[in-house]
Amino acid sequence: MSAPSEHVAHHFPDLPTQAHAARLGMWLFLATEILLFAGLFTAYALYRMLYPSAFHGASQLIETSMGALNTAVLITSSLTVALAYHFSRQSRGKLAAALLGITLLLGLVFLMVKYVEYSHHFHEGHLPGRFYRYPGLTVPGASMFWTMYFLMTGLHGIHVVAGMGVLAWLAVGSWRGSYGGAYTSPIEVGGMYWHLVDLVWIFLFPLLYLI
Amino acid sequence: MNDLMRRLLFLPEQGSAYARQVDSLHYFVITMTMLGFVGVATAVLVFAIRYRRRQEGESTPHVEPRTIHEVLFVGGPLALFLLWFAIGYPLFVRLQTPPKEAMDVYVMGKKWMWKFSYAGGPNGVDTLYVPAGRPVRLLITSRDVIHSFYMPAFRLKQDAVPGRYTQTWFQADKPGRYEIFCAEYCGVGHSAMLGHLVVMAPAEFDEWLAASRRSRVAEVDAAQDSGQRDSSPVTTLVEQGRRLASVYGCFACHTVDGTPHIGPTWLDLYLRRDPLEDGTSVVADEAYLTESMMDPRAKIVKGFQPVMPTFQGRIPGPEVAAIVEFIKSLRTSTVHPEPTKGPNYELIPGRGPVPKP
Amino acid sequence: MSSFPAAVPFPSREAGGDAPAFNERNYLVQRRGLRSWVFTLDHKRIGVIYLVLTSLGFLLGGIYAMLLRIELLTPGPTIMDAMSYNKTFTLHGVVMIFLFMIPAIPGIFGNFFIPLMIGARDVAFPRLNLFSVYLYLLGAGIALYGMIHGGADTGWTFYTPYSTTTITKVWPILLGAFVLGMGSIVTGLNFIVTIHTLRAPGITWMKMPLFLWALYATSVIQVLATPVLGITLLLTAVENVFGFGIFDPARGGDPILFQHMFWFYSHPAVYIMILPAMGAITEVLCAFARKNIFGYKAVAFSSLGIAFVGFFTWGHHLFTSGQSTVDAGIFGVLSMFVGIFTAIKVFNWTATLYKGSISFQTPFAYVVAFIFFLIFGGMTGVALATVSLDVHWQDTYYVVAHFHFIMVGGTITGFLAALHYWWPKITGKTYSEKWGLVAAVFIFLGFNFTFIPQFLLGNSGMPRRYYSYPERFWPLNVASSAGASVLALGFLMVAAYLLLSLKYGKPAGPNPWGSRGYEWNTLSPPPEENFLEQPAYPRAPHDYTDAAAAEGTR
């Protein structure tokens, strides 16, 4: 058993147990997030089955290169967050904070690209449900593709923003040297959350842009 | 035995062979449930008395089950439940598989009425006519929200889902009159969305179908005639209005005998001053009555919900006029001067009291 | 059975001991002031806060229920119009399910007793625990705002397209339920982590009190099913406000998809409501029979079995929706298996009484009622899964009666058993045993008179959510309403004597029932730090053999 540490809450016997609890809690939370998106994936699967040609046609209207760029951005950000955790364990808090800052910037780039895409779709009338007014594609179910597109990317976008909030908080803490050595579980679980955000996008990208 | 159990369980009469079969399963299931309940309840009570506490702080032996106990605990109920399923499931499959020779009736649920159409006509509202002894397939859909077509006497229910057709079928034993309910919650008029099934003797049904088709043709002819002649007495217009109001389902919400329902009653409605939701009031003249049909939510009478669908574009102009004429005819002043004659309009079958002969 | 002296004396009446009858230095008074409650991280205080809040929720839902029963006294309009009636049954369902049934037993007794039962100082994440209370308050607040400003008339099932086209304001209720769902997830997550990481040395998985197994299974469902409800409610709210068309057939949407997604949560949610009650009943039963549970593993694993199979039975709510016969067959058979797991529990509870030392006091009266109601509620549920009988019963009062047998007869009876059993530990006071039994009789009779007529109404074909009904349903409706007033009277009696016991009740002593559940290993009420010294756990809970050698047989 490690020596009592200032970071151990009174109801935990030792730091490893506490870190284990934090990790387990985050895994469970990630499970809930996956099931949250699972509802949307189910709806997507159903409507893709019902309207195959509309979905195929509508996905041609999305700029694949933008999606590919965003995929690259997010995968890179997952690398930087993993490196931040790595250096945090070596108690190099400032370096970890810098890497978290880069992750934040990448998140921002992602959102900016998304903004460009959204404004293009708004302009063209690629909109969900009753707002749909794109004349180029009028087969039944075309508006449903955009419903799914905006709901899925929108919910994902909210998660990106939430993740950026968490990372910003961790970056500040890391800069001040709050984490390091044996006590790195905040950065670990925060990083896990960011990886999930990345992972969801890796599923969204092919479903919406490629097929 | 069947009849005794049916009465004990408050089940409605059995309108078909299927209903009797489902009820047999019902009796079996409820008997087993009762036996299981009595068995466990007796064991609990006997143990509670036999092993009651005789002194504080008694020690008790440590009892662990043997594998055979748990196997029995699982196997017994599992066998029973699977038996229930083995009886019940084929019945369901049969209910979902209409015979090829079945007669088709299209059923459409709509807030808050049932519309029935036969291939080649006629159409009707709230009353479904079928022949006894012949299979009838119902093709069910909905215009607005989900409804559910339910005939308790036939142990039969099928949801009416907008945007798709569902199907079920039945074969009535003998002529009679049975209830139709809406079983899926659909708003203010949910419990008033009642209909009736009228089962006729086959020959009678064929005659009815032929007659309805003839009169439908006659109606179309008559309409063309009256259009050409361009002179329809007011009494005929009132009668036509009454019939049209029934066809368009107005009576699902509006009564003509003065009782408030989902919508305001039509009795004495014409030229009545009604308070509105926004505090103002309106006189129910021809303009307001027409507006209420075309844009029902424009002026809502106090105490009623804005639930009426618009009939804009669904009722041709002359028919609107006929319905308005009908409403104008519903005035107590025209009824009461000679009280002995009673109401001068027909009550809708199944809604409100039956007029005395 | 040999008779060695007990290795570790339990602080019970039989062991005598020098424990005070009422622990003056307890968690309720160790800190003072409003702030100490509003910002408390103590799992016991959070349990008490949940007790107060969910009781208010139950009261509100109960008032709605009584209004419904009064309205149904006559076939036509009685005290309200159709729209008010529709709003009332919607709010009755929403309030009872989201403000009472789901949070009550885990929130109150789970929070209070999980740490006490595993010998821990607190739950794993005390701040998250407090956060769940605030989520509850926020969700309840949003829902209350919606109720005051119009209320929804969709039924608690929110079926589309009705819920997306209704003129009433549905989004606050949807959002409130979403936030309450988040609170439920947080609680479940916290419990799972706590049980995994904070068990005291000596409490192995197979020596854990069975209440914890039940809560563990419940938490798994909460964590895995609630997010699906969350996204479903969000989509419905979006659809309701913006009209994106996801469930709208006019725009290519599928209303049946909503039903699948809704029941994927809401069927397992039934087990969120009943499993904790089953766990609590197991504890009370063992304590009052002074017996180890018959078939520990069977009872423990059947909880997990219910949680697992419960995820694959949602389709039995859609038998009449036009589902294919293949789907109906699969969901029908799978639904039978949930019945099996419940049957295992019932048989093992009954067998536990064999050779026990049974004391028929108030909590045990509720145990007996629970077993009776559960058999009937459970077997009528299995009958519904035979598919063809369901066609007649779907959306009739039969279904209403069936799930009230499980929810009221099961969950609320289990809740009352737990409340009476643990009341002395939570408050340090004893209630009037005489009034306890009288109220139990009222509740037992009132319950039967309320819901047995509803089974018969369903048989005779009365659909649910009917504001007016044909006159042939009249007598049974009157019977049901009469029963409901007896039931309500029973609940009011319970509230009255429990509240009076706070002031006038006798000090309970650390273990008034002589129970050997782990949670009795401390003073009543417990001190803030739970245990003055860390207890040892040499034997399984509810081992009444009085023989140290019994350890060896495990």
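What you see as residue numbers is a count from 1 along each chain, following the sequence as written. To read the labels, note that chains go from A and ligands from 1, taken in the order they are written. In keeping with the predicted nature of the model, local features appear solely for residues at pLDDT of at least 70, side-chain atom pairs appear and are counted solely at 80 or more, and the whole-chain, interface and lining totals rest on all residues.

1. Thoughts on the overall build of chain C
(1) Moving on: If you tally the helices and strands in chain C, you get 16 helices and zero strands.
(2) Moving on: Taking 2.2 N^0.38 as the reference for a compact globule, 554 residues should give roughly 24 Å; the C-alpha atoms of chain C span a radius of gyration of 23 Å, in line with that estimate.
(3) Moving on: In terms of overall dimensions, chain C has C-alpha extents of about 75 × 50 × 45 Å along its principal axes.
(4) Moving on: Here exposure depends only on C-beta density: within 10 Å of a residue's C-beta, 20 or more other C-beta atoms make it buried, 12 or fewer make it exposed, and intermediate numbers make it partly exposed, the C-beta atoms being placed from the backbone. Burial statistics for chain C: of 554 residues in total, 68% are counted as buried. Labels follow the DSSP assignment, with helices taken as runs of H or I lasting at least four residues and strands as runs of E lasting at least two, numbered in each case from the N terminus. The globule rule used here is 2.2 Å times the number of residues to the 0.38 power, and the radius of gyration it is set against is calculated over C-alpha atoms.

2. Thoughts on helix α3 (residues 64–89) of chain A
In an α-helix, one full turn covers 3.6 residues, which means residues spaced three or four apart are oriented alike.
Residues and elements named next belong to chain A.
(1) Moving on: A helix's residues, less one, multiplied by 1.5 Å, set its expected span. Helix length check: α3 (26 residues) gives 38 Å between terminal C-alpha atoms against 38 Å at 1.5 Å per residue, within 8%.
(2) Moving on: Taken together, the buried positions of α3 are G67, N70, V73, L74, S77, S78, T80, V81, A84, Y85, F87 and S88.
(3) Moving on: Looking at the buried residues of α3, the elements they touch are α4 (93–124), α5 (142–175) and α6 (185–210).
(4) Moving on: Downstream of α3 by a residue or two, S91 has a phi angle that is positive, lying close to 60°. Placing a C-beta atom from the backbone of each residue, one calls two residues in contact when those atoms lie within 7 Å.

3. Examining helix α4 (residues 104–117) of chain C
All names here are of chain C.
(1) Moving on: Between its first and last C-alpha atoms α4 spans 18 Å; for 14 residues at 1.5 Å apiece the expected length is 20 Å, and the two agree.
(2) Moving on: The term bend refers to the angle at a residue between two fitted axes, each drawn through seven residues, those ending there and those starting there. Its axis deflected by about 50° at G110, α4 carries its strongest bend there.
(3) Moving on: The buried fraction of α4 amounts to 14 of the 14 residues, a majority that puts the element mostly inside the structure.
(4) Moving on: Phi for G119, located one or two positions after α4, is positive at around 65°.

4. Thoughts on the pairing of strand β10 (residues 195–200) of chain B
Residue and element names in this part refer to chain B.
(1) Moving on: The alternating pattern of β10 places G195, L197 and V199 on a buried face and H196, V198 and M200 on a face that is not buried.
(2) Moving on: Here strand β4 (residues 127–131) pairs with β10 via five bridges, running parallel. Bridge pairing links L128 to L197 in β10. When DSSP locates at least two bridges between a pair of strands, those strands are taken to pair.

5. Some details on the arrangement of the chains
(1) Moving on: Here two pairs of chains make contact, and the pair sharing the most contacts is chains B and C.
(2) Moving on: As for chain B relative to chain A, no contact occurs, and the smallest C-alpha gap between them is 13 Å.

6. Thoughts on the confidence of the model for chain B
All names here are of chain B.
(1) Moving on: Here chain B averages 82 in pLDDT, while 86% of its residues score no lower than 70.
(2) Moving on: For every residue, the predictor states its confidence as a pLDDT score lying anywhere from 0 to 100. Of all helices and strands in chain B, the one with the weakest mean pLDDT is helix α8 (residues 332–335) (49), whereas strand β6 (residues 147–151) scores best (96).
(3) Moving on: Predicted confidence for residues 228–234 stays below pLDDT 50, and this span has three contacts to residues more than four positions away or in other chains.
(4) Moving on: Below a pLDDT of 50 lies the segment residues 334–357, which in the model reaches 16 contacts outside its immediate sequence neighbourhood of four places, other chains included.

7. Observations regarding the sheet that holds β10(B)
Residue and element names in this part refer to chain B.
(1) Moving on: With respect to topology, five strands assemble into an open sheet ordered β4-β10-β9-β6-β7, the strand pairing being mixed. Strands at the two margins of the open sheet, each flanked by one partner only, are β4 and β7 (156–160). With direction set aside, neighbouring strand axes in the sheet form an average angle of 25°.
(2) Moving on: As defined by bridge partners, β6 adjoins β7 across five bridges and the pair is classed as antiparallel. Directly across from M151, in β7, lies its bridge partner L156. Note on geometry: axes are lines fitted to C-alpha atoms, helical ones only across the stretch in contact, with angles between N-to-C directions running from 0 to 180 degrees.

8. Regarding the interface of chain C and chain B
(1) Moving on: Taken together, the contacts link 82 residues of chain C with 73 residues of chain B.
(2) Moving on: Put simply, the parts of the chain that give the side of chain C that touches chain B at least two residues each are α3 (82–101), α6 (162–165), α9 (255–289), α11 (325–353), α12 (362–384), α13 (388–393) and α15 (433–460) of chain C.

9. With respect to the interface of chain C and chain A
(1) Moving on: Between chain C and chain A, the contact holds 29 residues from the first and 28 residues from the second.
(2) Moving on: When contributions to the side of chain C that touches chain A are tallied by element, the ones reaching two or more residues are α7 (171–197), α8 (210–242) and α9 of chain C.
(3) Moving on: A total of seven residues in the side of chain C that touches chain A trace back to one element, the largest contributor, which is α8(C).
(4) Moving on: Classification convention: Asp, Glu, Lys, Arg as charged; Ala, Val, Leu, Ile, Met, Phe, Trp, Tyr, Cys, Pro as nonpolar; all other residues, Gly among them, as polar. Here the residues of the side of chain C that touches chain A are counted per class, giving 17 nonpolar, eight polar and four charged.

10. Describing the nonpolar core
(1) Moving on: Remark: nonpolar core denotes a set of buried Ala, Val, Leu, Ile, Met, Phe, Trp, Tyr and Cys residues whose joining runs through C-beta atoms within 7 Å. Grouped together as the largest cluster of nonpolar side chains are 324 residues, with contacts concentrated most on A:L100, C:L212, C:V284, C:V367, C:I371, C:A417 and C:A418.
(2) Moving on: Among the elements that take part in this core, α9(C) stands out by supplying 25 residues, more than any other.
(3) Moving on: If we ignore the near neighbours within four places in the chain, the residues touching A:L100 are A:V81, A:A84, A:L167, A:L170, A:A171 and A:S174.

11. A closer look at the sheet that holds strand β5 (residues 136–142) of chain B
Each strand in a sheet pairs with its neighbour through backbone hydrogen bonds, running either in the same direction (parallel) or in the opposite one (antiparallel).
Residues and elements named next belong to chain B.
(1) Moving on: Here we have five strands laid out as an open sheet, ordered β3-β2-β1-β5-β8, and mixed in their pairing. Two strands in the sheet have a free side with no partner beyond their single neighbour: β3 (123–125) and β8 (166–170). Shown here is a sheet whose adjacent strand axes are inclined to one another by a mean of 25°, direction ignored.
(2) Moving on: Bridge count between strand β1 (residues 103–110) and strand β2 (residues 113–118): six bridges; the pairing is antiparallel. Of the residues in β2, the one forming a bridge with G109 is W114.

12. What about the environment of B:T33?
(1) Moving on: Looking at where B:T33 falls in the secondary structure, it is placed in helix α2 (residues 17–50).
(2) Moving on: Taking the C-beta count within 10 Å as the criterion, B:T33 has 19 such neighbours and is therefore assigned partly exposed.
(3) Moving on: Considering only alpha carbons, one finds B:T33 and B:E184, 151 residues apart in sequence, at a separation of 28 Å.
(4) Moving on: Beyond its immediate sequence surroundings of up to four residues, B:T33 is in contact with C:F376, C:M379, C:T380 and C:A383.

13. Quick look at unusual backbone geometry
(1) Moving on: A cis geometry characterises the amide bond from B:K111 onward to B:W112, with omega recorded as -10°.
(2) Moving on: With respect to the element layout, B:W112 can be found in the loop between β1 and β2.
(3) Moving on: The peptide bond linking C:S524 to C:P525 adopts the cis configuration, its omega dihedral lying at -15°.
(4) Moving on: Relative to the helices and strands, C:P525 is located in the segment after α16 (474–504).

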